[in-house]
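Given next are the chains, with one letter for each unit.
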Amino acid sequence: MAAHKPVEWVQAVVNRFDEQLPIKAGQQNTHTKVSTEHNKECLINISKYKFSLVISGLTNILKNVNNMRIFGETAEKNLYLSQLIILDTLEKCLAGQPKDTMRLDETMLVKQLLPEICHFIHTYREGNQHAAELRNSASGVLFSLSCNNFNAVFSRISTRLQELTVCSEDNADVHDIELLQYISVDCSKLKRLLQETVFKFKALKKVAQLAVINSLEKAFWNWVENYPDEFTKLYQTPQTDMADCAEKLFDLVDGFAESTKRKAAVWPLQIILLVLCPEIIQDIAKDVVEETKMNKKLFLDNLRKALAGHSGSRQLTESAAIACVKLCKASTYINWEDNSVIFLLVQSMVVDLKNLLFNPSKPFSRGNQNADVDLMIDCLVSCFRINPHNNQHFKICLAQNSPSTFHYVLVNSLHRIITNSALDWWPKIDAVYCHSMELRSMFSETLHKAIQGCGAHPAIRMTPSLTFKEKMTSLKFKEKPTDLETRSYKFLLLSLVKLIHADPKLLLCNPRKQGPETQGSTAELITGLVQLVPQSSMPDIAQEAMEALLVLHQLDSIDLWNPDAPIETFWEISSQMLFYICKKLTSHQMLSSTEILKWLREILICRNKFLLKNKQSDRSSCHFLFLYDVSGGGTSQISLDHEEMIRCAPGATLRKGKGNSSMESTAGCSGTPICRQAQTKLEVALYMFLWSPDIEAVLVAMSCFRHLCEEADIRCGVDEVSVHNFLPNYNTFMEFASVSNMMSTGRAALQKRVMALLRRIEHPTAGNTEAWEDTHAKWEQATKLILNYPKTKMEDGQVTESLHKTIVKRRMSHVSGGGSIDLSDTDSLQEWINMTGFLCALGGVCLQHRSSAGLATYSPPMGPVNERKGSMISMVSTEGNAETPVSKFIDRLLTLMVCNHEKVGLQIRTNIKDLVGLELSPALYPMLFNKLKNTISKFFDSQGQVLLTETNTQFVEQTIAIMKNLLDNHTEGSSEHLGQASIETMMLNLVRYVRVLGNLVHAIQIKTKLCQLVEVMMERRDDLSFCQEMKFRNKMVEYLTDWVMGTSNQATDEDVKCLTRDLDQASMEAVVSLLAGLPLQPEEGDGVELMEAKSQLFLKYFTLFMNLLNDCSEVEDESAQTGGRKRGMSRRLASLRHCTVLAMSNLLNANVDSGLMHSIGLGYHKDLQTRATFMEVLTKILQQGTEFDTLAETVLADRFERLVELVTMMGDQGELPIAMALANVVPCSQWDELARVLVTLFDSRHLLYQLLWNMFSKEVELADSMQTLFRGNSLASKIMTFCFKVYGATYLQKLLEPLLRTVITSSEWQHVSFEVDPTRFEIQGGEQMLEPTESLEENQRSLLQMTEKFFHAIINSSSEFPPQLRSVCHCLYQATCHSLLNKATVKEKKENKKSVVSQRFPQNSIGAVGSAMFLRFINPAIVSPYEAGILDKKPPPRIERGLKLMSKILQSIANHVLFTKEEHMRPFNDFVKSNFDAARRFFLDIASDCPASDTVNHSLSFISDGNVLALHRLLWNNQEKIGQYLSSNRDHKAVGRRPFDKMATLLAYLGPPEHKPVADTHWSSLNLTSSKFEEFMTRHQVHEKEEFKALKTLNIFYQAGTSKAGNPVFYYIARRATNKQNFCSVSMWKIQDWSDQRRFIDIPCTTNSEAILCKAI
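All values derive from a computational prediction rather than experimental measurement.

Each value, and the rule that gives it
Residues numbered from 1 in each chain as written. Predicted model: local features only at pLDDT ≥ 70, side-chain atom pairs only at ≥ 80, totals over all residues. Heavy atoms only, no water. Buried < 20%, exposed > 50% of the residue type's maximum accessible area, 1.4 Å probe, protein only. Helix = DSSP H or I, 4+ residues; strand = E, 2+ residues; numbered from the N terminus. Polar contact = N/O pair within 3.5 Å; in protein donor to acceptor, adjacent residues only side chain to side chain. Contact = heavy atoms within 4.5 Å. Axes fitted to C-alpha atoms, helices over the stretch in contact; angles between N-to-C directions. Parallel < 35°, antiparallel > 145°, perpendicular 65-115°, else oblique. Left-handed = near helix turned anticlockwise from the far one by under 90°. Nonpolar A, V, L, I, M, F, W, Y, C, P; charged D, E, K, R; others polar. Core = buried A, V, L, I, M, F, W, Y, C linked by side-chain atoms within 4.5 Å.

Q: Where do I start with helix α34 (residues 730-740) in this structure?
A: Note on helix geometry: an α-helix contains 3.6 residues per turn, so any two residues three or four positions apart are oriented the same way. Burial runs high along α34: 8 of the 11 residues are buried. Along α34, the positions that sit buried rather than exposed are Y730, T732, F733, E735, F736, A737, V739 and S740.

What follows is the structure, given as structure tokens:
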């Protein structure tokens, strides 16, 4: 369009600009401001090519706006803003006016635009708050207009002058003449003005003459200030024509000045005209002056007299002062070398001028304070430029007892000196740096008075440095200043802040000051500025303070903070500022918070530039300033309040060292706390801006995260550590930053993205935790106000201001301060919604910060009952502590799920449902599930009856929606947390409640949604936790099938019928998902045999599904005949029929053994449709790969075999999920049985080592010390004991029997006593323990001799040590080493003290092996040889006593400890100590190497049915606990749910232990805890005999149970014996062989026709 229709396109842009003006679009916000600026820039660029079109359009807009009629303060402000926008756009367009503008354009400008501009200049109203700005803006337009269109403007002025020459009115309009003050004038144009004035001056009336005189003076200054080079050139090369015009006008004006009043009016112009005549100035400076120039000399003489106060007229004195200031100012634009005469003239007057203007005892005043101040500023600036070293007037103005006007003049003069474009000969501001101290003192004093006068809290007084103490003692702040004084202080404060902004070095300079004093003064200055930022009563000063602070954070300025220690000073002071500003932002004490956040972003950029510049310097600085203490729960910090933070800097003392310094502040150690707190507060502020309803505020906060990351990058480069040490959530912060650059589709989309990123925050820090808690507190208060609305509003009668918005926007967060809320303001409710989403998304990481054990965990019962609470599961409730904020928040959300607020109840419920379901942090899922479960459980009375209420129903409906959203939404990380709390109880209660709702429309809809939830639940089955999944799914199928065809045939209304069919469809889809792989599991305890009960249950469901199919067919037939709406119904029925067939297929697939007999007959049904359905079902189950092996007669044995495989299954990392879970949940009363079962099963699978490793590692991990290892009654101890008992019996027999028989039967030991305890020498129990001939020393030698004999026999038997026990010892050794290495202190690992670790664990580890072996294996056999089966009868008491004492000595050797407590055993310490090394070598020999699995004789490779049945019983009884353990265990993620799912499925197929076939029922009733069979098989090494191997391959024998005498019972299946005669002979030989060993074994032998019980005698 721009190329083809440029005029229309330009007009469209102009119209858009017009429509977005505040007067038409209303009050501006951030987005409209940006749009308006964009339109403005667009028009400015277009004007370079289509100048006339743009200027014409803007002129018309301005004209229309000026003619608008407005009412009200808001409309007036919008009008003012609109006019400023238009005038500013016009000025920039005119400044870029192309040179080829046609004459026609000039005419248009004069006729259309100039009158509108003149309107603003002429209608200036004194005191109007907007008029001054409008006139300044209009004057800028006129200046730009006159630059390229001077003739048009001059023509208007000239015409008006001509009109005034003939005008007879005394009060003629002279406004057009006043345009001279605002137009652009160069040398040639000034000549034209002077010539025109000279030509017409005499003919003008007095009022016009005065207007010309006043305007010409200002036109002169326009020329000098805009074209100083031309004025300077005038004195280098005098221009005769300019001087002639000026002289003529001087004479005319001099003639006009007949009276004192007129003289006072014309003197300022006359001095200017005289300055334009450099040659005349030189002439009148001579002693002899020409007659024609005498009036000029007389003028100067009168000027001096008046200035000295000798004129007798105050008016002339004031006029003389003005004229002299003009002269001084003009002289500064002239180089001394070009004309020294004018400087002599200045010097003759300047002393009197200073005395007149800067006299504290008699201040100069003309009644117009602004004009007086401007005059004094001009004088001060001019005097500085003339002679910068004569600073007496500076000292006068700096004096604290001088009037505040003097201070104001000085500050503004310095500002002008700094900001004005300097000429080459003008002195620099550094000449004033010596007064920095006084200026800082002035700033501190003014700041205090200004804040005190505003009624705000008193300014935080800094502890003044020694330099200022004397000066500050004279200040008195007891009396509150008046309003007028406060106003003057504000103006002075604004000027001081502008001065800092203009040149920060002026107040930072500290000549000849030490580092601590320099840092103290810098801190005082910056702290003062920081206090101004949140001052809402002084917005202009606050804005300027931000600009000044930004300049102070520039690279060059930071270096001046303290040149002696720049890095440390930067961290200390900048962190204090950051802390204070962020604290104000988070407490919401700033109105323009978004703008302040933008400024804060610039500060962060400056900080990073400084850090990058000083990156290498930082390496030698205080590294602690860079580090964050992030450990587990977050950052540990000391809390500093407002005043403490401010006092940190000035109260600090610096100790100067070699090259750097250290700070001791009131904050604590070395300034570290304030740096950490600043970081934390900044994070808090940025987090809390993320829930602002202002999109710009959110985007700015997100962009600030980038600069946090940049700082971390710089710092990690300095300290050579990971960036995550500084910012644990670095990656997420970078994502926030990247999103801030993307254009969002709107507020909702942006918040959704924010919440998604918040959920990805992994690490709890002090920042995110504090942000969550602060937001939660505000959310709670806002929630109360919302729920109490409009009551709160009526009571309070006011609406508070918004949190993140400017003063014109309403926000909610100030409501928390006790205000009220207006829900008609959509931003208020939106902010509450944003806060809710923020809390939901970030709550998980805060929960993690609260307690690392917040999830369900188990305390494994691996030790003594009294220490480890037996087998009871010790769970930390996932609900967390009820007092934690996160828990309270979830509780409050649940109450809001049923909010019935009249105005916003629906919005709240809808948003809570969406936010909890879609945005909740996955880490909060377990807590939510438990709270929902607990709440819904209250909807039932003690008898289980439903408490049906409208609120309860609403809560149930909301819960269904939330759970469906939550499970449907595959949020990142959700899989990890979904399974940490079971939802079975909650889901069953939901179904139980919904069942009684009836058949109303709403009830049907709720049921349909619940069915959909069940389907989604089964889709996420792998992620969820089910403790009794099969039982739960069976129950759900039972409930949901009740809804199928429940009301569909009864409904008469077509809409209701459609709803019921939808319910049928949803129910069947849920049932399909539930039946997939589900073995039917009837209710227990009904007295019916298991297979029969399963068969009846299958028939029930199969019949229901067939009836549903028949119903679908009937309805389809009806629909085909009737048409209409019923045709739509038929499409639903087709889908329903498909689901029903799938349900039947899944049902039959998982239950072929109990269901095929009921379904096979359908293949021969007379109804064709039924047969077709059966074929369809059969086809599907074949496609699903149904295992028909379940119909085989070996199915039971196969399932038990799979159960054993599952328990012995090993994960990728060597973990044993099912076995370890079982070990952790079985009650301690069953540990003996479990130990036997596990050892037997794992040894049969050649996995005994893996079992021992897992068990021993857990035991060592839980042990308090090596001394307590395997001393308690733990499962690992029992497994170890069982292994020693089963695998070590033969070894002990061979080792100890000869030794014991020698001691008992040998003649040399017949009369030997071993008693060494003197206290037992007297008679005890009627028997004398010591013979008269015995001696203590002799007994000690005997005991020592026997012990030595036994000990050497033991340590020399390593070659005979059983390989299985070598595996046990090796496993224990390795587990202990591994545990000690893991338990090595952090300091040891950090310092890499390998020697310390190596010294610690080998000795202790091998000691643990020896201690356990003697304690659990050798010593029990020595002390009780008869009970161990080594001896046929008990040894005599004296021998028993000796054996007991010997075991103590052997145990001490194994433990590597000496006797200390028992005095009578101390004599053996030498022997004990001398054998430490020998024992250690023996232990290393038997534990260092582990024999290969294939070389070990697996004596328990024959698994008895008793062990398998015991395993079944243990798994069945502890199934739910195993599921809970696997869900909460830390290895759950690695192992997954599949092992438990397989186990649950197998157990469902097998059924409960008591349901067994008739032939098997008596097995389970026997005592299956005996291990005699295993001992027998091991002792005789039956597994190695060829006959046994042959029998084993035939699978003829199996063993189960025991006889009445406690002997194991063998069964054999005769039909499996291929050669019965040979088999019988071998079998009988084996029986006889076993009988010879006097081991009694019952062997019932079964054939197909009979059972023979054989008993070996």
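Q: How should the side chain of D378 be read in this particular structure?
A: Its place among the elements puts D378 in helix α18 (residues 369-386). Among the polar contacts listed, one links the side chain of D378 to the side chain of R416, at a separation of 2.3 Å. Setting aside chain neighbours within four positions, we find D378 in contact with V325, K329 and R416.

Q: Even after reading the chapter, I still don't get the environment of L829, so can you show me in this structure?
A: Its place among the elements puts L829 in helix α38 (residues 826-850). Here the alpha-carbon distance between L829 and I786, two residues 43 residues apart in the chain, equals 8.4 Å.

Q: Which parts of the structure should I look at to understand the packing of helix α15 (residues 294-308) against helix α17 (residues 341-357)?
A: A pair of packed helices can be characterised by two numbers: the angle between their axes and the separation between those axes. Relative orientation of the contacting elements α15 and α17 amounts to 25°, with a least axis distance of 9 Å. By the angle between their directions, the pair α15 and α17 is classed as roughly parallel. Crossing geometry of α15 relative to α17 is assigned as left-handed. On α17, the residues that touch L300, L303, R304, L307 and A308 of α15 are L345, S348, M349, D352, L353 and L356. Taken together, the residues of the contact of α15 with α17 sort by class into 8 nonpolar, 1 polar and 2 charged.

Q: Could you clarify how one ought to interpret the packing of helix α35 (residues 747-759) against helix α41 (residues 905-919) in this entry?
A: In the contact formed by α35 and α41, the axes pass within 11 Å of each other and the chain directions differ by 40°. When the axis of α35 is compared with that of α41, the two are oblique. Contact with α35, carried on its side by K752, M755 and R759, involves L915, L918 and E919 of α41 and no other residues of that element. Its residues placed into classes, the contact of α35 with α41 shows 3 nonpolar, no polar and 3 charged.

Q: Explain the nonpolar core here, please?
A: Side chains that are nonpolar tend, in soluble globular proteins, to be buried together. Ranked by size, the top nonpolar core spans 349 residues in total, and within it F231, I581, W599 and M1017 carry the most contacts. Beyond its immediate sequence surroundings of up to four residues, I581 is in contact with V530, V533, M590, I596, W599 and L600. The next biggest cluster of nonpolar side chains, apart from the first, holds 106 residues, and it includes V1226, L1296, L1300 and V1312.

The analysis is restricted to geometry; functional conclusions fall outside its scope.
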